[in-house]
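Chain by chain, the residues:
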Amino acid sequence: MSVTLSKDGYVGHILLDRPASRNAFDAAMAEQMRAALAEFEQDPTLRVGIISGTGKSFCAGMDLAAFGAGAASEIVRGDGRFAGFVAAKRSKPMIAAVHGAAVAGGLEILLACDLAIAAEGTIFALTETKRGLTAGGGGTFRLTRRIPHVIANEMLLTGDSITAERALQFGMINAVVSMEELLHEARALADRIAANAPLAVKHSLAQSRHARDGLEETDWAMNDQFWMEIESSDDAAEGAKAFIEKRPPVWTGR
């Protein structure tokens, strides 16, 4: 299993465990995420969730080999959209505990979470333009709501990364801690939330999300329109091929 759910008291822990691929999502992993998230939401004893990854990185996004093999539709547009997570219906708080790198879809998972803690040395990036793609898991519009617009544009258009310290400065994450303290701090935050009245937490979170996101239907509609064009483009195929072949891509603009 590449995605597992463990339970400890009121807290559920979703673990991304595909370290050889930097926890990048293929279709099977996305389906496992859907199952884990559904179990977390349906278990009345669980009040708060934590999501983290094994290995050297939190998550590198979509498995480009799977994209090249034609699995993009299931990974990006399946139930819950990217990874079965970024647009899933959730009523409980989710804390991202990230390390190493949260890039491409990995950062989009973080942006879909309600709170985030990062280990020192973590980098954040939406690298899709470097691969001939767009951030089709909500990154294009959610990043601009989380951090200053010009910084979001810098990240979206260059595909370059920012440090954990810069992410904290811009309000992308709640805290930066040592790697040794990462899960401890995430659990401590989860326990502080879980100690409060569950219904009050649920409704407070719903209002907070509405104030932040409004109605995202128009954002997703534009996202889908552009993604359909990008997914079938020559540049998208070239980006995945160049990544697999470990060479610079040759863009044609088509």
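Data block above holds the structure.
Heads up: these notes are all about the structure in this document. Since this is a predicted model, take the numbers as computed values, not measurements.

**Structural notes on the overall build of the chain**
Right, so step 1: The helix and strand tally for the chain stands at 11 helices and 9 strands.
Right, so step 2: For 254 residues, the compact-globule estimate of 2.2 N^0.38 gives 18 Å, and the chain sits close to it at 17 Å.
Right, so step 3: Overall, the chain is about 55 × 35 × 35 Å in size when its C-alpha atoms are taken along their principal axes.
Right, so step 4: Within the chain, buried positions represent 51% of all 254 residues.
Right, so step 5: Taking the intrachain contacts of the chain between residues at least 6 apart in sequence as the baseline, contacts between residues at least 24 apart amount to 70%.
Right, so step 6: Summed over all atoms, the accessible surface of the chain reaches about 11700 Å², with 56% contributed by carbon and sulfur.

**What about the layout of surface pockets?**
Right, so step 1: Considering only enclosed or pocket space, the largest pocket measures out at about 590 Å³ in volume.
Right, so step 2: Within the residue set of the lining of the largest pocket, elements represented by two or more residues are α9 (198-213) and α10 (217-231).
Right, so step 3: Of the residues forming the lining of the largest pocket, the biggest block, 6 residues, is contributed by α9.
Right, so step 4: Taken as a whole, the second largest pocket holds about 440 Å³ of empty space.
Right, so step 5: For the second largest pocket, the lining is made up of 25 residues, of which A60, G61, M62, L64 and A104 are closest to its centre.
Right, so step 6: At the level of secondary structure, the elements contributing two or more residues to the lining of the second largest pocket comprise α2 (64-68), α4 (105-112) and α11 (234-245).
Right, so step 7: Its residues placed into classes, the lining of the second largest pocket shows 13 nonpolar, 7 polar and 5 charged.

**Looking at the pattern of salt bridges**
Right, so step 1: With the rule as written, the count across this model stands at 17 salt bridges.
Right, so step 2: Across the pair D8 and R187 runs a salt bridge whose closest N-O atoms are separated by 3.1 Å. Taken together, the residues span a long stretch of sequence, with D8 in strand β1 (residues 3-8) and R187 in helix α8 (residues 182-194) at a distance of 179 residues.
Right, so step 3: Judged by its relative accessible area of 48%, D8 is partly exposed.
Right, so step 4: Between R81 and D224 there is a salt bridge, with its nearest N and O atoms 2.7 Å apart. Highlighted residues: R81 in the loop between α3 (72-77) and β4 (94-98) and D224 in helix α10, separated in sequence by 143 residues.
Right, so step 5: A relative accessible area of 23% means that D224 is categorised as partly exposed.

Definitions and limits used
- Residues numbered from 1 in each chain as written.
- Predicted model: local features only at pLDDT ≥ 70, side-chain atom pairs only at ≥ 80, totals over all residues.
- Heavy atoms only, no water.
- Helix = DSSP H or I, 4+ residues; strand = E, 2+ residues; numbered from the N terminus.
- Rg over C-alpha atoms; globule rule 2.2 N^0.38 Å.
- Buried < 20%, exposed > 50% of the residue type's maximum accessible area, 1.4 Å probe, protein only.
- Contact = heavy atoms within 4.5 Å.
- Areas by Shrake-Rupley, 256 points an atom, 1.4 Å probe, with all protein chains shown as cover.
- 1 Å grid on protein atoms, 1.4 Å probe; cavity = no way out; pocket = protein on both sides within 12 Å on 5 of 7 lines; lining within 4 Å.
- Points joined across faces, edges and corners; volume = space filled by probe spheres on them.
- Nonpolar A, V, L, I, M, F, W, Y, C, P; charged D, E, K, R; others polar.
- Salt bridge = Lys/Arg side-chain N within 4 Å of Asp/Glu carboxyl O.

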